[in-house]
Amino acid sequence: MTIEIQELHKSFGRHEALRGLSLSVPEGSAFALIGANGAGKTTAIKTLLNIIRPSRGATRILGVDSRRLGVPQLRQIGYVSENQDMPARLTVAQYLKYLAPFYPTWDRDLERSMLEELRLPLERRIGDLSHGMRMKMALACALPFRPTVLILDEPFSGLDPLVRDEFMERLLRQAGEMTILISSHELAEIEGLTSHVGFIDQGRLLFQESMVDLSERFRQVRITLDRTAAVPASAPKSWLHLATAGNVLSFVDSRFSEYGLATTVAASLKGVRNIDVEPVALRSIFTTLARDLRGVGSP
């Protein structure tokens, strides 16, 4: 595994940000770390990069304990954060010229093509860039050396749709060359990039699995009855976000199989006229699980 987190704990005073978090990111994957605000995503990433120290537990990246990361590993790790620190007094061109010698693999041709595609103003000082331009600048600093691992922490925060599209287009061009760990609330934006997902809640990992498996087991189900619909008392726990409207019962099945659904519906409901089943987008999977964790029913 390119990235491993084992029984990670981190406290800030009395607040436990991470509570025994464990996960692993397969080599070559694009792993999305998702969860509500305050779930512990940024804390986990900063601990992984040795920006902050854990209270206990261990993290490894590129086979090395995060607390022992050295120049050979840092030359292979790209990092983009919504609050990226960059020298405000330097121009775009000056900062890229400063960075390049630190990375033996820095590709000047790739740098030039990125600057052109992202339309970064070379002579403008970084401190004078807009937020969107600063995020594009951070990406332009993280990709030209062709990192083995790219870590993105809320890279789309505050970006307008056009800048998001430009950011994603550039990222997708190199996605197959590296392992990506991305934390983002913009789940619709990253779904096409993501190969694996880890869901964090209150500092703990609820599950991690491939997008293929996740997409196969979640389905939006709408059942039309010949009478006014009601939530069955015997509804299985895997039926989430149950709702009724007239003679239609709807829910998200989190353990979907055609045979299993047909069998359960036959045992739980009478007068079924029709069953419609549709795939569920990553954003909807997240909101459904988040509502279920907090005991929030249908709006």
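In what follows, the structure referred to is the one given above.
The following refers to the structure shown. (Residues numbered from 1 in each chain as written. Predicted model: local features only at pLDDT ≥ 70, side-chain atom pairs only at ≥ 80, totals over all residues. Heavy atoms only, no water.)

1. Quick notes on the sheet that holds strand S11 (residues 219-225)
Part 1 of the argument: Pairing is antiparallel in the open sheet, where four strands are placed in the order S12-S13-S11-S14. Of all the strands in the sheet, just strand S12 (239-245) and strand S14 (272-279) have a single pairing partner and so form its edges. Pairs of neighbouring strands in the sheet enclose a mean axial angle of 15°, with direction left out of account.
Part 2 of the argument: Of the strands in this sheet, S11, S12, strand S13 (248-253) and S14 are in contact with helix H9 (residues 258-268), which crosses S14 at around 145°.
Part 3 of the argument: Across the face of the sheet, helix H10 (residues 282-293) comes into contact with S12 and S13 while running at roughly 95° to S12. (Pairing = 2+ DSSP bridges. Helix = DSSP H or I, 4+ residues; strand = E, 2+ residues; numbered from the N terminus. Axes fitted to C-alpha atoms, helices over the stretch in contact; angles between N-to-C directions. Contact = heavy atoms within 4.5 Å.)

2. Examining helix H5 (residues 131-142)
Part 1 of the argument: Taking 1.5 Å of rise per residue, 12 residues should cover 16 Å, and H5 covers 17 Å from first to last C-alpha, within 8% of that figure.
Part 2 of the argument: Most of H5 is tucked away, with 10 of its 12 residues classed as buried.
Part 3 of the argument: Gly 132, Met 133, Met 135, Lys 136, Met 137, Ala 138, Leu 139, Ala 140, Cys 141 and Ala 142 are the residues of H5 that are buried.
Part 4 of the argument: Lining the buried residues of H5 we find strand S6 (77-81), helix H3 (92-99), helix H4 (108-118), strand S7 (149-153) and helix H6 (161-174). (Expected span 1.5 Å × (residues − 1). Buried < 20%, exposed > 50% of the residue type's maximum accessible area, 1.4 Å probe, protein only.)

3. Structural notes on unusual backbone geometry
For residues other than glycine, phi is negative in most cases, and the peptide bonds are mostly trans.
Part 1 of the argument: In this structure, Asn 50 is a non-glycine residue whose phi angle is positive, near 65°.
Part 2 of the argument: Summarising the element assignment, Asn 50 is placed in the loop between helix H1 (41-48) and strand S4 (56-61).
Part 3 of the argument: When its relative accessible area of 26% is taken as the criterion, Asn 50 is described as partly exposed.
Part 4 of the argument: A positive phi angle, near 55°, is found at His 241, a position not held by glycine.
Part 5 of the argument: Residue placement: His 241 occurs in strand S12.
Part 6 of the argument: With relative accessibility at 27%, the residue His 241 sits in the partly exposed group.

4. Here's the deal with the packing of H3 against H5
Part 1 of the argument: Relative to each other, H3 and H5 sit at 25°, their axes nearing to 10 Å. The orientation of H3 relative to H5 falls into the category roughly parallel. In this structure, H3 crosses over H5, and the sense of that crossing is right-handed. Mapping the contact onto sequence places Val 92, Tyr 95, Leu 96 and Leu 99 in H3 and Met 137, Ala 140 and Cys 141 in H5.
Part 2 of the argument: For the contact of H3 with H5, a count of residues per class yields seven nonpolar, no polar and no charged. (Parallel < 35°, antiparallel > 145°, perpendicular 65-115°, else oblique. Left-handed = near helix turned anticlockwise from the far one by under 90°. Nonpolar A, V, L, I, M, F, W, Y, C, P; charged D, E, K, R; others polar.)

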